[in-house]
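Descriptive structure summary
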Amino acid sequence: ALWSLPLAAQTIVLDPGHGGSDPGAVGCSLEEEDVVLDIALRTRDLLQADGYTVRMTRTDDRSVGLSTRARFANDLGASRFVSIHANANAGTPATGTETFVHTSASSTSRDLGRRVQNEMIAAWGLRDRGLKSANFAVLRQTTMPAALSETGFINNCSIDSTFLASATRRQQMAVAHYRAIVESVGGTPDPDPDPDPDPDPDPSSGRLQGVVFEDLGAGLEDTSRRVAGATVTVIETGDRATADGDGFWRFDLADGTYTVEATASGFTAGRRTCTVAGGVTWCSVGVAVPVAATGTARGVIFEDTGAGFGDTSARLAGATVRVRETGNEATTDAAGNWSFELDAGTYNIDVTAPEFAAASRECVVSAGGEAWCSLGLVREERTGILQGVIFEGDNLARRIVDAQVRVLENGASTRSRAGDGFWSFTLPPGRYTVEASGDGFASGTRTCEVASDRSTWCSVSLRPLATGGALDTVIVEDDAATEGEMMGGGTPMMDPPMMDPVDGGMDPRSGGGCSTSGSAPAGAGFVLLMLLGVRLRRRHLAAVASTALLACGGSGAGETVAAETTSNLPQIELPAEAAPLQLLDERVVATGSFADVTLAPDGARVALSHAGFATLSVAELSTGTTQVVATGERSGFQPTWRADGAALGVRVPGETSTAIPTRAVDLSGANVAPVVPATPFRVRVTDEGAIALRSGAAEETIAPPGDRYFAPQVSPDGRWVAFEGLSTGLYLYETEQGRTFHLGTGSHARFGDGRLVFERTTDDGHEVTSGDLFLVELDDAPRVTQLTSTDAIEQAPSLAGNQIAFLRGENVIVARLPR
């Protein structure tokens, strides 16, 4: 075929069924989620040994939605998708093996299904229940050839479950899947793969197994950060193993009680005692980064000519850099570099240089980490003063003490003063955004203009978070209720006229051009909804963080400046909840078996992706006429409209969702020039499953740790990035301030003009059982609004202006947003 891939480029997605809050079928002391995960991991190892790229929808016991599994595979541009399950029935236990493909499966999918079924029968010899068709979600929503295997009946204790419980038999089933997949993509399987690398333990013994993970303080509540290559030792026997790439290890031991010790470079050793009494005993062990370890603070000092971190080329040699808390002092080298080895903690870095105004910056050093704390200095004769107070809500008299105050443009930071909450910065002329934050408060920002040799007042209000937590930041009452009174003026005002920093005289010019904003607190009901949405959500909300791009540094003159990141990782924010909205003027514009809809930018037509994503049609909304514009595997997956709405970018096999579509067609189906999205950023998914955001030559990782992420996309204005986590749901990242918002369970995010829509579904492990749509207003304080709440399943939303299109069952609906 024209768009076929070489074998070396094939990506296989293996999907162990169920997991987390959904154990699947249960019987004969076994749970489906456990046995199919073991078969899938063994299949992965066999495929990887042959050089194939394999991605898993889960590698441990966690919840992953059906639509999420399919979208993960689609986003990768995978060549094959195989979902592995175990069966069960009511009444007298049945027996046998069967395989499913979709009811409208392609010939390649049916070929894959037949090969899986034949190989499984050859491996176990159970009753051949045949190749069947079903409308399972993971078969219907995937763009590549897909099959779902039912290996045996877990509730048949006399035959099938004995196979499922046997490590030797599970290895045979893994070999069957391996052979079928390799043959399906045109490869030649190894005629003699390792038949039994993990034999069954002696009947009088059992298996001790687990994972080694980085303990972030939650213990076994969060095992997501695996430590590959750790050494695991059974103290009583001296048996030793090395944790694999997922941190997994195992031992076959006689019944008894054992202490397992895990060690890894850079971590303190962890121990756990567990008892083996036949069967499998899980005994995962956590290791931690030493609390007393040191880290490195480093950076460059440069002349700030008004561009802040946008231009660090004018390095300052001979500047004095001092750590205020310890007294450590250094002089910058010829390239402006400096560094200190410090105990983990928070420090203030003070910098002075002849002919430049002194400056300071707060720097957070983590154990074993490297914190970049570069700082720009401005020449004294070209500066003004930006100053203000931090106060609570609308009451200027209630000052917030020890709040962090930061200038976003150059990274300068300080703390609001004890007694009156006052702060100030010396800055070159220009427009600056000040961000203030304090424990127990939503952060606030304000933008103000600084003029040479003048003082500009730019006070910031913080509002308490409505979470019921204690307000740790100190508040003091100040009788001087206005800045005007504080500065000696007699008329109350929010900001007094600009002051001359030299003689204190009043300047007739106002300090105008300021705007304020702040984060709104999340509604309690929405927070609870998200906490309940995913089984692992609680641990991730407690631990996840994002990486912020701060400044640039280098080790020598003329080097390429590398982006620096900070180890001071902020907490994920929760958006506010707004009242539900009722859609207006709903109408059916098409009916059929569709998998996705995409509105054109002008709202005049909608692209329709048919089930299986092998056909793409366009419907004219004014006339109701529909025509096919592209066919072929994956042609209906995430088409990209050209700005004028007259052509579409169409994807081909192996192409990820972040790639510029290889093909492009106009409304007649004729090939045209590529459709290139207009955005200041590019995003990609790394091999480790992180999200990388690139602007020019600089790249930063924006997804929090603890999950595998996919489906990143950038808003048309470049301010927002949306992406999904396999088990943790949907995220929004703000590129301007580095804030990350967790939207909870959700998928299929689509941007519109200042808005985002997404779907939230539930499933029973085989089929989607409910689906509703949500809208996010994208501003400084994002708000989430539910759009639909009907008995019907609504999915695949798309925005264009004030219009929304989506699927409700087999109907394509177009409606109008009420605002």
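Here the structure is shown first, and the text comes after it.
Here the structure is a predicted model, which means the values were calculated and not measured.

How each quantity is defined
- Residues numbered from 1 in each chain as written.
- Predicted model: local features only at pLDDT ≥ 70, side-chain atom pairs only at ≥ 80, totals over all residues.
- Heavy atoms only, no water.
- Helix = DSSP H or I, 4+ residues; strand = E, 2+ residues; numbered from the N terminus.
- Buried < 20%, exposed > 50% of the residue type's maximum accessible area, 1.4 Å probe, protein only.
- Pairing = 2+ DSSP bridges.
- Contact = heavy atoms within 4.5 Å.
- Axes fitted to C-alpha atoms, helices over the stretch in contact; angles between N-to-C directions.
- Phe/Tyr/Trp six-rings, centres within 6.5 Å; stacked < 30°, edge-to-face > 60°.
- Right-handed = clockwise from strand over helix to strand, strands pointing away.
- Salt bridge = Lys/Arg side-chain N within 4 Å of Asp/Glu carboxyl O.
- Disulfide = S-S within 2.5 Å.
- Parallel < 35°, antiparallel > 145°, perpendicular 65-115°, else oblique.
- Left-handed = near helix turned anticlockwise from the far one by under 90°.
- Nonpolar A, V, L, I, M, F, W, Y, C, P; charged D, E, K, R; others polar.
- Polar contact = N/O pair within 3.5 Å; in protein donor to acceptor, adjacent residues only side chain to side chain.

Right, let's get into the overall build of the protein chain. Secondary structure summary: the protein chain contains 9 helices and 61 strands in total. Taken over 819 residues, the protein chain has a buried fraction of 55%.

Two strands in a sheet stick together by hydrogen bonds in their backbones, pointing the same way (parallel) or opposite ways (antiparallel). Across the sheet, 5 strands lie side by side as β39-β58-β57-β56-β55; this open sheet has mixed pairing. The sheet is open, and its two edges are formed by β39 (576-577) and β55 (747-751), each paired on a single side. As defined by bridge partners, strand β57 (residues 768-777) adjoins strand β58 (residues 783-786) across 4 bridges and the pair is classed as antiparallel. Along β58, the bridge assignment pairs Phe-774 with Gln-786. On the sheet, helix α2 (residues 66-76) packs against β55, β56 (755-763) and β57 and is oriented at approximately 65° with respect to β55.

By the definition in use, this model includes 14 aromatic pairs. Ring geometry for Trp-124 against Phe-163: centres 5.2 Å apart, planes inclined by 70°, an arrangement best described as edge-to-face. Separated by 39 residues along the polypeptide, Trp-124 in helix α3 (residues 107-124) and Phe-163 in helix α5 (residues 160-165) bring together distant segments of the chain. Relative to Phe-723, the ring of Tyr-709 has its centre 5.5 Å away and its plane inclined at 85°; by these criteria the two rings are edge-to-face. Of this pair, Tyr-709 sits in strand β51 (residues 709-714) while Phe-723 is found in strand β52 (residues 720-725), placing the two residues 14 residues apart along the sequence.

This part takes up the pairing of strand β7 (residues 128-134). The sheet contact formed by strand β6 (residues 97-102) and β7 spans 5 bridges and is parallel. Residue pairing across strands places Phe-100 opposite Lys-132, the latter belonging to β7. As a crossover connection, the stretch from β6 through α3 into β7 is right-handed.

Attention now goes to the pattern of salt bridges. Two side chains carrying opposite charge are able to pair once their charged atoms lie near each other. For the structure shown, the criterion picks out 45 salt bridges. The residue Arg-398 makes a salt bridge to Glu-392 at a minimum N-O spacing of 2.4 Å. Salt-bridge contacts for Arg-808 lead to Glu-794; the nearest nitrogen and oxygen are separated by 2.8 Å. Taken together, the residues Arg-808 in strand β60 (residues 803-808) and Glu-794 in strand β59 (residues 794-800) connect sequence positions 14 residues apart. Overall, Glu-794 belongs to the buried group, its relative accessible area being 0%. Overlapping salt bridges, with partners in common, bring together Glu-573, Arg-719, Glu-734, Glu-736, Arg-739 and Asp-780 in one network.

The final tally for this structure, using the stated rule, is 4 disulfides. Two residues share a disulfide in this structure: Cys-274 and Cys-283, whose sulfurs sit 2.1 Å from each other. Taking the sign of the S-S torsion, 85° for the link of Cys-274 and Cys-283, the bridge is right-handed. Of the two residues, Cys-274 and Cys-283, both sit in the buried class.

Let us now look at the environment of Arg-587. By secondary structure assignment, the location of Arg-587 is in strand β40 (residues 584-591). Residues Arg-587 and Ala-805, spaced 218 residues apart in sequence, show a C-alpha to C-alpha distance of 9.7 Å. Apart from the residues within four sequence positions on either side, Arg-587 is in contact with Leu-621, Val-812, Ile-813 and Val-814.

This part takes up α2. Of all 11 residues in α2, 10 are buried; the element is thus mostly enclosed. Among all positions in α2, only Leu-66, Ser-67, Thr-68, Arg-69, Ala-70, Arg-71, Phe-72, Ala-73, Asn-74 and Asp-75 are buried. Taken from the residues just after α2, Gly-77 is the one with a positive phi, measuring 70°.

This brings us to the packing of α3 against helix α6 (residues 167-184). One way to put it is that α3 packs onto α6 with a least axis distance of 8 Å and a crossing angle of 150°. With respect to each other, α3 and α6 are oriented roughly antiparallel. Helix-helix and strand crossings are classified by hand; for α3 and α6 the assignment is right-handed. Contacts between α3 and α6 involve Asp-111, Leu-112, Arg-115, Val-116, Glu-119, Met-120, Ala-123 and Trp-124 from the first element and Arg-169, Arg-170, Gln-172, Met-173, Ala-176, His-177, Arg-179, Ala-180, Ile-181, Glu-183 and Ser-184 from the second. Its residues assigned to classes, the contact of α3 with α6 comprises 9 nonpolar, 3 polar and 7 charged.

The phi angle at Asp-585 is positive, at roughly 55°, despite the residue not being glycine. Assignment of secondary structure puts Asp-585 in strand β40. A residue is classified by how much of its surface remains accessible, and Asp-585, at 54% relative accessible area, is exposed. For Ala-796, which is not glycine, the phi dihedral falls at a positive 55°. Relative to the helices and strands, Ala-796 resides in strand β59.

To continue, consider the side chain of Glu-734. Structurally, Glu-734 is set in strand β53 (residues 729-734). For Glu-734, a relative accessible area of 0% translates into the label buried. For Glu-734, the side chain forms a polar contact with the side chain of Arg-739, separated by 2.7 Å. Setting aside chain neighbours within four positions, we find Glu-734 in contact with Arg-719, Trp-720, Arg-739 and Asp-780.

Taken in spatial order, the 6 strands line up as β4-β1-β5-β8-β6-β7 in an open sheet, and their pairing is mixed. Lying at the two open borders of the sheet, with one neighbouring strand each, are β4 (53-56) and β7. Neighbour-to-neighbour, the strand axes of this sheet turn through a mean angle of 20°, independent of strand direction. Most of the contacts of α2 go to strand β1 (residues 11-16), to which it runs at about 170°, and overall it touches β1, β4 and β5 (80-87).

Following both chains from N to C, one finds helix α1 (residues 32-49) and α6 inclined at 50°, their axes separated by 8 Å at the closest point. It follows that α1 is oblique to α6 by the angle criterion. Of the two possible hands of crossing, α1 and α6 adopt the one that is right-handed. Taken together, the residues of α6 that come into contact with α1 (itself represented by Val-35, Asp-38, Ile-39, Arg-42, Thr-43, Leu-46 and Leu-47) are Ala-167, Arg-170, Gln-171, Met-173, Ala-174, Val-175, His-177, Tyr-178, Ile-181 and Val-182. Residue composition of the contact of α1 with α6, grouped by class: 11 nonpolar, 3 polar and 3 charged.

Here Val-13 lies in strand β1. Judged by relative accessible area, Val-13 falls into the buried class, the value being 0%. On a C-alpha basis, the gap between Val-13 and Gly-77 in space is 9.7 Å, while along the polypeptide they are 64 residues apart. Discounting residues that sit within four places of it in the chain, Val-13 has contacts with Arg-55, Thr-57, Phe-72, Ala-73, Leu-76, Ala-78, Arg-80, Phe-81 and Val-82.

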